[in-house]
Amino acid sequence: MPCVQRDRFDYGEWLHATHREARIGARQLPEAERPVFHPEPGGLLAWGCTRGSDVLFWDTSASADPDQWTVVVQHSGAVPGSGLLRWHRYDLTLTDDLRHTVRDTWELPSPPGPLLGPLPGAVARTALLPDAEAWTPPAPVPPRLTDAERRIALETGTGLDGLRLLSPPPERPYLGDGSWEGLFAELGIRLPGEYMRLMVEYGAGIWSGWLRFHTPLRTGERRFTHVEDTVDAYRQLKDGHPRWYPLAVWPEPGDFLPFANSLDGDHLGWLTEGGDPDAWPLIVWPRHADQGPPLDGGLIDTLLAWQRGTLVSHGFAALDEDDDPVEFADFEPWDDSAYW
């Protein structure tokens with residue numbers, strides 16, 4: 001039921017995410033059979049899920065009376081007796097569906113659809129949300145960007161100017177308590193000026209909940225050690241499977257020098273070719289794909305293209321074709337309490 005529990009669950013966020021995932025999943029159906037989802041007129045409206053990851057919706061096109069809306073289920077697996085079909089329309093209202101689900105058998109002459117149960121005739125509040133409170137729909141929020149600003153952010157803006165508008169930087173970027181010269185001395189090499197400009201603007205943090213930029217100027221035991229950890233892991237893999245790990249390893253000439261990673265285990269870095277750090281090409285060491293070539297653009301242009309949803313390769317997490325890039329463009333800064 002509509003509820004909220006701080007830092008764990010918000011009904012509005014659940015509804016939005018559930019409809020997005022269902023919309024993407026429905027593309028497996030022929031185009032003429034794909035359902036539409038709320039807030040589209042007559043769209044399916046999610047109201048629950050099962051522990052088997054089935055998602056239950058109301059069909060709001062079934063009637064002008066919400067009490068007569070019937071149930072549609074997106075099954076996590078194939079529906080018994082229905083081949084590979086995973087979407088099934090039950091000619092039942094919510095209460096009828098629940099009554100049939102908890103019964104031992106379907107009523108004759110035949111069931112209205114695949115059996116969800118039987119389940120024990122009991123109900124209990126979920127243990128996952130022990131302190132849930134009633135959810136109140138939030139007040140409408142005006143668009144973050146005007147139409148003119150959207151065009152700049154998504155189409156015409158370039159460099160840091162475009163990136164600032166699309167993903168606003170924090171008021172107090174966190175870099176650590178060291179210095180760039182100290183970091184360069186520790187690494188034995190200077191880093192590209194574009195990287196430093198980006199970090200001075202944004203600091204350490206995570207982009208769109210996925211791409212993590214480490215704290216560059218941290219000192220002490222938790223200094224910029226992810227470089228050593230990452231290249232040690234790469235070196236071990238390369239020793240066992242050189243065909244699949246073709247990059248040279250830092251501090252070899254032309255080596256792979258990582259500076260960021262993703263929640264999926266991908267690593268973003270440079271190939272340190274030549275003596276000019278500003279000419280180093282970017283490259284991704286992908287976690288779930290074969291090694292690809294260097295990226296074409298620089299760091300800021302690459303970030304801007306990814307936040308716009310136009311960078312659809314090189315291992316970067318991609319937006320769905322119906323997603324609004326402005327909604328997903330985000331930067332969450334870290335402070336001195338962050339591990340990275």
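Before reading further, recall that the structure is shown in the block above.
Just so you know, these numbers come straight off a predicted model, no measurement behind them.

Cut-offs applied
Residue numbering note: each chain is counted from 1, following its sequence as written. Per-residue local features of the predicted model are confined to residues with pLDDT of at least 70, and side-chain atom pairs are confined, for both listing and counting, to 80 or more; whole-chain, interface and lining totals are unaffected and use all residues. As a rule here, side-chain values cover all heavy atoms of the structure and leave hydrogens and water aside. Numbering of helices and strands runs from the N terminus, with a helix taken as a DSSP run of H or I at least four residues long and a strand as a DSSP run of E at least two residues long. The atom set for the radius of gyration is the C-alpha atoms, and the globule formula is 2.2 Å times the number of residues raised to the power 0.38. Buried means the residue's accessible area, taken with a 1.4 Å probe over protein chains only, is under 20% of the maximum for its type, while exposed means over 50%, and partly exposed covers the values in between. We call two residues in contact whenever any of their non-hydrogen atoms come within 4.5 Å of each other. Per-residue and other accessible areas follow the Shrake-Rupley method at a 1.4 Å probe size, with only the shown protein chains counted as cover for residues. Charge assignment in this entry is limited to Lys and Arg as positive and Asp and Glu as negative, and neither His nor the chain termini are counted. The location of each charge is read from NZ of Lys, CZ of Arg, CG of Asp or CD of Glu. Think of a nonpolar core as a cluster: buried Ala, Val, Leu, Ile, Met, Phe, Trp, Tyr and Cys residues, connected wherever their side-chain atoms sit within 4.5 Å. Side-chain atoms alone can form a polar contact between residues adjacent in sequence; in general such a contact is a pair of N or O atoms within 3.5 Å, and within protein one must be able to donate a hydrogen while the other accepts it. Each pair of aromatic rings taken from Phe, Tyr and Trp, with Trp reduced to its six-membered ring, is defined by centres within 6.5 Å and is described as stacked if the planes are under 30 degrees apart, edge-to-face if over 60, and tilted in the remaining cases. When a carboxyl oxygen of Asp or Glu is within 4 Å of a side-chain nitrogen of Lys or Arg, the pair counts as a salt bridge.

Enquirer: Sorry if this is basic, but what is going on with the overall build of the chain here?
Expert: Within the chain one finds 9 helices and 13 strands. Taken over C-alpha atoms, the radius of gyration comes to 25 Å for the chain, far larger than the 20 Å a tight globule of 340 residues would show. With the principal axes as the frame, the chain shows a C-alpha extent of 80 × 50 × 40 Å. For the chain, buried positions account for 40% of its 340 residues. Within the chain, counting contacts between residues at least 6 apart in sequence, those at least 24 apart form 51% of the total. Carbon and sulfur atoms form 53% of the exposed surface of the chain, whose accessible area is close to 19600 Å². The distance from the centre of the 28 positive side-chain charges to the centre of the 53 negative ones in the chain is 2 Å.

Enquirer: I would appreciate a short explanation of the nonpolar core in the present structure.
Expert: Burial of nonpolar side chains together is a common tendency in soluble globular proteins. If you look at the biggest cluster of nonpolar residues, it comprises 53 residues, and the most contacted ones within it are Tyr195, Leu198, Trp207, Leu211 and Phe213. The biggest single contributor to this core is helix H8 (residues 299–308), with 6 residues. Ignoring sequence-local partners within four residues, the contact set of tyrosine 195 consists of Trp180, Phe213, His214, Pro216, Phe224, Phe259, Trp270 and Leu299. Membership of the second largest hydrophobic core comes to 14 residues, among which are Leu15, Phe37, Leu45 and Trp69.

Enquirer: I'm lost on the environment of threonine 219 in this one. Help?
Expert: In this fold, threonine 219 is placed in the loop between strand S9 (211–213) and helix H7 (226–240). Along the backbone, threonine 219 and leucine 183 are 36 residues apart, and their C-alpha atoms lie at a distance of 9.0 Å. Excluding anything up to four places from it in sequence, threonine 219 contacts Asp177 and Gly178. Here aspartate 177 takes part through its side chain, which lies 2.8 Å from a polar atom of the side chain of threonine 219.

Enquirer: Looking at this structure, how should I read the packing of aromatic side chains?
Expert: Centre distance and the angle of the planes are the two values used to describe a pair of aromatic rings. Going through the model one piece at a time under the given rule, you end up with 26 aromatic pairs. Site record: aromatic cluster; members linked through ring pairs are Trp180, Phe184, Tyr195, Tyr202, Trp207, Phe213, Phe259, Trp270, Trp280 and Phe331.

Enquirer: How should the environment of tryptophan 285 be read in this particular structure?
Expert: Relative to the helices and strands, tryptophan 285 is located in strand S12 (residues 282–285). Its relative accessible area of 11% is what places tryptophan 285 among the buried residues. Setting aside chain neighbours within four positions, we find tryptophan 285 in contact with Thr230, Tyr234, Leu237, Tyr245, Phe256, Asp266, His267 and Gln291.

Enquirer: When you look at the pattern of salt bridges in this model, what are you seeing that I'm missing?
Expert: Note that side chains of opposite charge can pair when their charged atoms are close. Applying the stated criterion across every chain yields a total of 16 salt bridges. Between arginine 20 and aspartate 323 there is a salt bridge, and its shortest N-O distance comes to 2.6 Å. Residue arginine 20 is located in helix H1 (residues 11–25), and its partner aspartate 323 is located in the loop between H8 and helix H9 (325–328); the two are separated by 303 residues in the primary sequence. For aspartate 323, a relative accessible area of 11% corresponds to the buried category.

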